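Spelled out from the first residue to the last, the chains are:
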Amino acid sequence: MLAGKTIILGVSSSIAAYKACEIVSRLKKLGADVWVVMTRSATQLITPQTFRTLSCNPVLVDLFAPEFSAMPVPHIALAKMADLLIIAPATANVIGKLAHGIGDDALTTLALSITAPKLIAPAMNCEMWRNPIVRKNVSAIGGSASGGKKLKELKWRIIGPEAGHLACGDDDIGRMSEPEEIIEATIKLFAEKFDLEGKNILITAGGTREAIDPVRYISNRSSGKMGYALARAARARGAKVTLVSGPTYLPVPADVEMIKVESAAEMMEAVLAKQKDADAIVMAAAVGDFTRNDELPITNDEIKLKKIKRNNNKLSLTLKSTQDILQIIAQQKDRKNKILVGFALETDDLIKNAKAKLKAKDLDLIVANEPATFDSDEIKFSLINRAGKIDNLPKQTKTTAANLILDRVQAML
Ligand SMILES: Cc1cc2nc3c(=O)[nH]c(=O)nc-3n(C[C@H](O)[C@H](O)[C@H](O)COP(=O)(O)O)c2cc1C
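Here, residues in each chain are numbered from 1, in the same order as that chain's written sequence. In keeping with the predicted nature of the model, local features appear solely for residues at pLDDT of at least 70, side-chain atom pairs appear and are counted solely at 80 or more, and the whole-chain, interface and lining totals rest on all residues. Think of the side-chain values as coming from all heavy atoms in the structure, minus any hydrogens and water.

K.L.:
Please give an account of helix 14 (residues 350–360) that cites residues and values.
P.N.:
Burial here depends on accessible area, computed with a 1.4 Å probe over protein chains only, as a share of the maximum for the residue type. Under 20% is buried, over 50% is exposed, and the range in between is partly exposed. Segments assigned H or I by DSSP are reported as helices when at least four residues long, segments assigned E as strands when at least two residues long, and all are numbered from the N terminus. Within the sequence span of helix 14, burial applies to Leu350, Ala354 and Leu358. Buried residues of helix 14 fall within an arc of 65 degrees about the axis and therefore sit on the same side. Structural note: helix 14 exposes Lys352 and Lys359 on the side pointing more than 90 degrees away from its buried face. Throughout, a residue-residue contact means that at least one pair of heavy atoms, one from each residue, lies within 4.5 Å. Packed against the buried residues of helix 14 are strand 16 (339–345), strand 17 (365–369) and strand 18 (378–385). After helix 14 finishes, the residue Asp362 shows a positive phi value of roughly 55 degrees. This arc corresponds to the set of directions leading from the helix axis out to the C-beta atoms.

This is the structure in structure tokens:
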């Protein structure tokens with residue numbers, strides 16, 4: 001996903017420097033060419049050798065570095081190569097220097113020379129972060145995380161800091177954003193090509209709940225993380241996103257139309273109401289296959305309102321299949337005007353079953369995955385297209401996977 005991109009990672013001397021190792025390794029996994037530039041103080045907390053090994057490139061600490069003999073002026077050479085500069089962690093000191101145009105070491109001199117976009121992840125003690133001088137410096141280099149005109153002009157993005165447990169023992173603001181979030185922001189930054197602009201994408205997420213009585217329900221282990229990652233990624237790429245979600249504990253993605261549902265029937269109703277305007281429908285939800293059988297006396301009106309009592313230590317429930325949402329969409333008369341993506345989760349014969357589902361439901365693409373994906377931040381999956389071509393993909397974050405799936409959708413659109 002980041003193949004062909006050169007990313008410079010600046011590391012300054014916050015205790016969060018150890019998290020920069022994870023950032024390098026994730027960027028490398030995504031295909032980026034990564035070069036690390038450290039402040040002299042940062043080398044007190046973590047060795048350049050660690051970053052040299054992880055990045056497979058020399059690490060710049062001194063402006064006049066002999067190991068960069070192939071680059072007579074290393075900071076300019078790196079500045080010219082860079083598609084992005086990330087400073088993570090960024091100390092109060094580095095932020096102060098950036099705000100005042102000071103370049104007294106390799107990192108700050110490089111930062112002054114770079115014209116590529118820049119992303120900064122501050123990390124510091126809560127009182128340092130609240131210090132009015134630091135606040136002033138932060139707004140001088142970019143302002144708040146939500147952006148603004150000045151931020152855009154200066155090409156600085158700020159991510160974090162977050163509230164949480166700090167190394168100094170306080171539970172307060174100042175913790176560097178997690179590597180996962182920094183990678184997500186990086187991908188977003190590169191994805192600012194808005195290749196889905198003007199497209200309507202309908203996404204379903206999470207599991208559904210089928211009521212047994214007013215208190216209990218039948219559901220599944222879906223967390224909704226994949227569908228929410230798809231919604232965030234599609235929105236970041238400029239699409240107008242409608243997210244139909246079963247119950248989850250996930251935060252609502254910014255700037256999407258959110259429709260919360262509970263049962264399979266409610267999800268069906270919401271999807272049918274919204275599908276007409278969609279250019280692509282991605283059905284990541286784990287829709288319950290079975291619901292209570294209404295013919296049974298157990299579900300007559302009286303019992304629907306009453307909690308079932310544990311009288312005989314035994315309860316038999318008869319279930320019936322829910323309606324198949326994908327099948328019904330596939331039968332709509334404007335089906336040909338939209339891209340339809342389904343998910344198949346199987347314990348046995350994954351590819352065989354996924355292929356059968358792709359065909360039966362007239363899908364353009366199916367994402368085949370296994371139960372290990374439930375509630376995980378990562379997914380190992382195969383993509384099968386209409387022609388039956390299978391791409392087996394390695395385990396990756398759901399954010400990365402979402403962008404890969406959207407690349408396919410975009411190509412088909
Ligand atoms: C163990 C330790 C942890 C530190 N953590 C931070 C930090 O999280 N944020 C910060 O702004 N300064 C932190 N400092 C202070 C900076 O290291 C110090 O201001 C240093 O001069 C900054 O240099 P640099 O910005 O060139 O890396 C820490 C210092 C020590 C000794």
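K.L.:
Account for the layout of surface pockets, with residues named and values stated.
P.N.:
In this structure, the second largest pocket spans a volume of roughly 850 Å³. Lining the second largest pocket are 40 residues; nearest its centre among them are Ala285, Ala286, Val287, Asp289 and Lys357. Listing elements by their share of the lining of the second largest pocket, those giving two or more residues are helix 10 (225–236), helix 13 (325–330) and strand 16. Classes in brief: Ala, Val, Leu, Ile, Met, Phe, Trp, Tyr, Cys and Pro nonpolar; Asp, Glu, Lys and Arg charged; the others, Gly included, polar. Looking at the lining of the second largest pocket residue by residue, the classes come out as 17 nonpolar, 14 polar and nine charged. Lining residues are those with an atom within 4 Å of a point, where the points come from a 1 Å grid over the protein atoms alone and group into cavities, where a 1.4 Å probe fits but cannot get out, or pockets, open sets with protein on both sides within 12 Å along at least five of seven lines. Grid points are joined across faces, edges and corners, and a volume is the space filled by probe spheres set on the points.

K.L.:
I'd love a proper account of the sheet that holds strand 8 (residues 200–205), names of residues and values included.
P.N.:
Being paired, for any two strands, means DSSP has found at least two bridges between them. Across the sheet, which stays open at both edges, the eight strands sit in the order 12-11-8-13-16-17-18-19 with mixed pairing between neighbours. Two strands close off the open sheet at either side, each with one partner strand: strand 12 (257–260) and strand 19 (390–397). Here the average twist between neighbouring strands, direction ignored, is 20 degrees. By the bridge criterion, five bridges tie strand 17 to strand 18 in an arrangement that is antiparallel. Paired with Asn369 across the bridge in strand 18 is Phe381. Here an axis means a line fitted to C-alpha atoms, over the contact stretch when the element is a helix, while the angle between two N-to-C directions is reported on a 0 to 180 degree scale. With respect to the sheet, helix 11 (residues 264–275) is in contact with strand 8, strand 11 (240–245), strand 12 and strand 13 (280–283), its orientation differing from that of strand 8 by roughly 175 degrees.

K.L.:
Explain the pattern of salt bridges residue by residue, including any values.
P.N.:
A side-chain nitrogen of Lys or Arg and a carboxyl oxygen of Asp or Glu constitute a salt bridge if their distance falls within 4 Å. According to the stated counting rule, one finds 26 salt bridges in the structure shown. Salt-bridge contacts for Arg237 lead to Asp407; the nearest nitrogen and oxygen are separated by 2.7 Å. You can see Arg237 sitting in the loop between helix 10 and strand 11 and its partner Asp407 sitting in helix 15 (residues 398–412), a full 170 residues away along the chain. Assessed through its relative accessible area of 33%, Asp407 is described here as partly exposed. Between Asp362 and Arg335 there is a salt bridge, with its nearest N and O atoms 3.5 Å apart. Of this pair, Asp362 sits in the loop between helix 14 and strand 17 while Arg335 sits in the loop between helix 13 and strand 16; the two residues are 27 residues apart in sequence, bridging distant segments of the chain. Within this structure, Arg335, Lys336, Asp362, Asp364 and Arg386 form a network of salt bridges that share partners.

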